[in-house]
Amino acid sequence: MSDTTGRGGDGAVDAAGLRRRTQELLAAHPVGSTGRTDFLKARFDAGLAWVHYPEGLGGLGAPRSLQAVVDAELEAAGAPDNDPRRIGIGLGMAAPTILGYGTEEQKRRFLRPLWVGEEVWCQLFSEPGAGSDLAALGTRAVRDGDHWVVDGQKVWTSSAHLARWAILIARTDPDVPKHRGITYFVCDMTDPGVEVRPLRQITGEAEFNEVFLGGVRIPDTHRLGGVGDGWRVAQTTLMNERVSIGGMRVPREGGMIGPVARTWRERPDLRTHELHQRLLKLWVDAEVARLTGERLRQQLVAGQPGPEGSGMKLAFARLNQEISGLEVELLGEEGLLYEDWTMRRPELVDFTGRDAGYRYLRSKGNSIEGGTSEVLLNIVAERVLGLPSEPRTDKDVAWKDLAR
């Protein structure tokens, strides 16, 4: 038997108990008469947000695999979700990092409004001179009593124009090698020293931004991990980022392969034998990637994301670019049309809800964002295949002495 906490007779959380707990949430907060935000807060407080998180932090300490039980019950009842595409950086990158390295006070302050969607997060990692070589970053953070004063520039920052908080890495010690002098912070994007400027992209939109930090004061209580230990903390963020980008759960013919498959079925006049062969190959590749993603998520149930996420992200970028290119070719002259070049600052990226031209242009960024394909190939080679590391002449050189 299960009690109302969702636990069975042996005290462990089980599927039957979670179903009961979910039904109790729905009874206490009817979907039809409860506001969206109020319902999401109640769900978090009931431990049904992330069931594998600790109690009091949106979870019940349950196996990660049981999240599907809760999600299915809530979906069947028509309950609102937290619009994960809009808050993906918070959910996929900030939350696991805060859980892994944050103090209890930080966890309780940030995780609930993050999951509910009341506070949007962004990621202040890449810089004009530190993209693929992220550890070469030059944004400085200097200790001033109980605060750190931050100066520098970040770039390619998704959602910075919407964000309340940012995960930030900055250099706190220039006298040691580049990987060892970095510290990880939570930055208040409303600080007067933070300036966000739009970066207009090839799509015509500006979903990315560049962020200038001028004398931003961050309290030491907003530091994640130890001083100088920011690179290790950042690895948690980056591994989770690649899983969240490349390992998203999609149904069969979900994602980019869906629109081109529908066009193929509905427009026989566009078909050629050569396009048919390419579509078949890409359909199979997409299905292999989807099933591999399912296997990766099952592996995550028992532990932390590893370098396998880099392989999934590599496949995601390659497939998106090849599929969108095939779609444009299939459509012929229609594929050259573009619906809207208006300068906008969107809240999310919608690959499947737009036209073929948008998908083709936007997918070009997939091999850059979240780690360039070249860097991810190195990670797969060294950490998955066990090949020798590339020679690194700057490994033991102080950051301040590096050529720039």
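Residues numbered from 1 in each chain as written. Predicted model: local features only at pLDDT ≥ 70, side-chain atom pairs only at ≥ 80, totals over all residues. Heavy atoms only, no water.

## Some details on the nonpolar core
Basically, it comes down to this: Put simply, a nonpolar core is a bunch of buried Ala, Val, Leu, Ile, Met, Phe, Trp, Tyr and Cys residues held in one set by side-chain atoms that sit within 4.5 Å of each other. Exposure categories follow from relative accessible area, calculated using a 1.4 Å probe and restricted to protein chains: below 20% of the type maximum is buried, above 50% is exposed, and the middle band is partly exposed. In this description, contact between two residues means that some pair of their heavy atoms is separated by no more than 4.5 Å.
Residues W50, W121, L124 and M189 are the most contacted members of the largest nonpolar core, which totals 53 residues. Setting aside anything within four residues of it in sequence, one finds W121 in contact with I89, G90, A94, I98, F110, L114, S159, A163, W165, A166, I167 and V186. If you look at the next biggest cluster of nonpolar residues, it comprises 17 residues, including I257, W264, L270 and L326.

## Focus: the pairing of strand β5 (residues 182–188)
Convention followed: Each helix corresponds to a stretch of at least 4 residues labelled H or I by DSSP, and each strand to a stretch of at least 2 residues labelled E; elements are numbered beginning at the N terminus. Being paired, for any two strands, means DSSP has found at least two bridges between them.
With 6 of its 7 residues buried, β5 lies for the most part within the structure. Taken together, the 7 bridges between strand β4 (residues 165–171) and β5 define a ladder with antiparallel strand orientation. Note that in β5 the partner of W165 across the bridge is D188. Here β5 runs beside strand β8 (residues 223–224); their pairing, made up of 2 bridges, is antiparallel. Residue pairing in the sheet places F185 in a bridge with R223 of β8.

## A closer look at helix α3 (residues 67–76)
Definition in use: Taking the helix axis as origin, the arc is that swept by the directions to the C-beta atoms.
Every buried residue belonging to α3 is among Q67, V69, V70 and L74, and all of these are buried. Taken around the axis of α3, the buried residues stretch over an arc of 165°, which confines them to a single face. Away from its buried face by more than 90 degrees, α3 exposes A68, E75 and A76. Tucked inside the fold, the buried residues of α3 contact α1 (15–28) and α2 (36–45).

## Considerations on the pattern of salt bridges
What counts here: Definition used for salt bridges: Asp or Glu carboxyl oxygen within 4 Å of a side-chain nitrogen of Lys or Arg.
For the coordinates displayed, the defined rule picks out 34 salt bridges. In this structure, the salt-bridge partner of K41 is E118, at a minimum N-O distance of 3.2 Å. Of this pair, K41 sits in helix α2 while E118 sits in the loop between α5 (104–116) and β1 (121–124), and the two are 77 residues apart along the sequence. The shortest N-O distance in the salt bridge between E195 and R197 comes to 2.9 Å.

## Quick notes on helix α7 (residues 257–266)
Extensive coverage of α7 is indicated by the burial of 7 of its 10 residues. When we look at burial in α7, the residues that qualify are I257, G258, P259, V260, A261, T263 and W264.

## Notes on the pairing of strand β2 (residues 140–144)
In this structure, β2 lies alongside strand β3 (residues 147–154), joined through 5 bridges in antiparallel fashion. Residue pairing across strands places D144 opposite H147, the latter belonging to β3. Two successive antiparallel strands, β2 and β3, enclose a turn made up of 2 residues, where G145 displays a positive phi of approximately 65°.

## Here's the deal with unusual backbone geometry
The backbone of D83 sits at a positive phi, close to 50°, despite the residue not being glycine. Turning to its location among the elements, D83 is positioned in the loop between α3 and α4 (88–101). Look at S159: it is not a glycine, yet its phi comes out positive at around 65°. Along the chain, S159 turns up in the loop between β3 and β4. The class of S159 is buried, set by a relative accessible area of 12%.

## Thoughts on the environment of E322
With respect to the helices and strands, E322 occurs in helix α9 (residues 308–331). Separated by 259 residues in the primary sequence, E322 and P63 have C-alpha atoms spaced 37 Å apart.

## A closer look at the packing of aromatic side chains
The cut-off we apply is this: In this scheme Phe, Tyr and Trp rings, the latter by its six-membered ring, pair at centre separations within 6.5 Å, and the angle between planes marks the pair as stacked below 30 degrees, edge-to-face above 60, and tilted otherwise. A ring is considered to have a charge above it if a Lys NZ or an Arg CZ atom is located within 6 Å of its centre and within 35 degrees of its normal.
Under the defined criterion, the tally for this structure stands at 11 aromatic pairs. On the numbers, 4.2 Å between centres and 20° between planes, the contact of W50 with Y53 is stacked. Neither W50 nor Y53 differs from the other in exposure class; each is buried. Each ring, one from W156 and one from F208, has its centre 5.9 Å from the other, and the planes form 85°; the classification is edge-to-face. Taken as a pair, W156 in the loop between β3 and β4 and F208 in strand β7 (residues 208–219) lie far apart in primary sequence, 52 residues in all. Connected via pairs of aromatic rings, a cluster forms that spans F44, W50, Y53 and W115. For the cation-ring pair, R164 lies above W165, with the distance from its terminal atom to the ring centre recorded as 4.2 Å. Over the ring of F212 we find R197, and its NZ or CZ is 4.0 Å from the ring centre.

## Quick look at the packing of α1 against α3
Rules: Lines fitted to C-alpha atoms define the axes, with helix axes restricted to the stretch in contact, and inter-axis angles between N-to-C directions lie between 0 and 180 degrees. Working rule for handedness: look at the near helix, and if it is turned counterclockwise from the far one by less than a right angle, call the crossing left-handed; if clockwise, right-handed.
The interhelical angle for the contact between α1 and α3, taken along N-to-C directions, is 35°, at an axis separation of 9 Å. Of the two possible hands of crossing, α1 and α3 adopt the one that is right-handed. Contacts between α1 and α3 involve A15, L18, R19, T22, Q23, L25 and L26 from the former and V69, V70, E73 and L74 from the latter.

## Overview of the packing of α4 against α5
Basically, it comes down to this: For classification purposes, an angle smaller than 35 degrees is called roughly parallel, one larger than 145 roughly antiparallel, one from 65 to 115 roughly perpendicular, and anything else oblique. Any residue that is not Ala, Val, Leu, Ile, Met, Phe, Trp, Tyr, Cys, Pro, Asp, Glu, Lys or Arg is counted as polar, Gly included; the first ten are nonpolar and the last four charged.
Axis separation between α4 and α5 bottoms out at 10 Å; the angle between their running directions is 165°. With respect to their mutual orientation, α4 and α5 come out roughly antiparallel. Here α4 and α5 pass one another in a crossing that is left-handed. Contacts between α4 and α5 involve G90, L91, A94, A95, I98, L99 and Y101 from the first element and Q106, K107, F110, L111, L114 and W115 from the second. A breakdown of the residues in the contact of α4 with α5 according to their chemical character gives 10 nonpolar, 2 polar and 1 charged.

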